[in-house]
Amino acid sequence: VALEIARQLIMTGDSVNNLMFIDSYFYYKKAIDYSFANNSKQLRKAKDNINYIYQPGIINLEESTNVILFKTFGKSASDSIKEAASKEDLDAIRTVENYYIDEVEDNFLKDVTNINNLDIVKLNTGHYDWTSNVNDVETVVSYIRRIFV
């Protein structure tokens, strides 16, 4: 959503000075294809996900736009992954989460933008439970305060 808003603002001549993402998964299709290359059942199931189907075009940001990605580097606790209806689903979700943690430095943000100024801020918990961790929430809030206050 933030990328689409930025694109529309830029198209109308407005400036986008700061763009922030909290562990957003970009280019989800690539992550799914890689994660389930040897699991055709999970690959078929994942292809029905709207995030798999939708791929934004490249967003051309202004050179001066500061882009911040708050990226989680921990594994989510099983009980925080609410959409896992079964152990198979939980394993599939963990596979994708691990892919973004271990294989992709910027969650593919550079694949969907022409970023010049990217700051990756580490969050210590997982994609599904960072909001329950006081330290991670404080990290996000402190960073935002530094920019806007």
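Everything numeric here is computed off the predicted structure, so don't read it as measured data.

## A closer look at the pattern of salt bridges
- Tallying each qualifying case throughout the model produces six salt bridges.
- Ionic pairing is found between K29 and D33, a salt bridge with its closest N-O pair at 2.9 Å. Of this pair, K29 and D33 are both found in helix α2 (residues 28-35), four residues apart, which corresponds to roughly one turn of the helix.
- In this structure, D111 engages K30 in a salt bridge whose closest nitrogen and oxygen atoms are separated by 4.0 Å. Remark: K30 occurs in helix α2 and D111 occurs in helix α6 (residues 109-112); sequence separation between them is 81 residues.
- Look at D111 and you get partly exposed, because its relative accessible area is 33%.
- K30 sits in the partly exposed class, given a relative accessible area of 37%.

## Re the packing of aromatic side chains
- Under the defined criterion, the tally for this structure stands at eight aromatic pairs.
- When the ring of Y27 is compared with that of F108, the centres are 5.6 Å apart and the planes differ by 65 degrees; the resulting orientation is edge-to-face. Here Y27, found in the loop between β1 (18-22) and α2, pairs with F108, found in the loop between α5 (87-103) and α6; they are 81 residues apart in sequence, far enough to count as distant.
- On the basis of relative accessibility, which here comes to 32%, the residue Y27 falls in the partly exposed class.
- On the basis of relative accessibility, which here comes to 6%, the residue F108 falls in the buried class.
- Aromatic ring contacts, followed pair by pair, group Y25, Y27, Y34, Y99, Y100 and F108 into a single cluster.
- Lying over the aromatic face of F73, K71 brings its terminal NZ or CZ to 5.5 Å of the ring centre.

## Some thoughts on a nonpolar patch on the surface
- A cluster of nonpolar side chains, V1, I5 and L9, forms an exposed patch at the surface whose accessible area comes to about 310 Å².
- Assessed through its relative accessible area of 84%, V1 is described here as exposed.

## Side note on the side chain of T65
- Along the chain, T65 falls in the loop between α4 (50-53) and β2 (66-72).
- Within the structure, T65 has its side chain in polar contact with the backbone oxygen of V16 (distance 2.6 Å).
- When neighbours within four sequence positions are excluded, T65 is seen to be in contact with V16, N17, N18, L19 and N117.

Thresholds applied
Residues numbered from 1 in each chain as written. Predicted model: local features only at pLDDT ≥ 70, side-chain atom pairs only at ≥ 80, totals over all residues. Heavy atoms only, no water. Salt bridge = Lys/Arg side-chain N within 4 Å of Asp/Glu carboxyl O. Helix = DSSP H or I, 4+ residues; strand = E, 2+ residues; numbered from the N terminus. Buried < 20%, exposed > 50% of the residue type's maximum accessible area, 1.4 Å probe, protein only. Phe/Tyr/Trp six-rings, centres within 6.5 Å; stacked < 30°, edge-to-face > 60°. Lys NZ or Arg CZ within 6 Å of the ring centre and 35° of its normal. Patch = residues over 30% accessible without salt bridge, like charges linked within 9 Å, V, L, I, M, F, W, Y side chains within 5 Å. Areas by Shrake-Rupley, 256 points an atom, 1.4 Å probe, with all protein chains shown as cover. Polar contact = N/O pair within 3.5 Å; in protein donor to acceptor, adjacent residues only side chain to side chain. Contact = heavy atoms within 4.5 Å.

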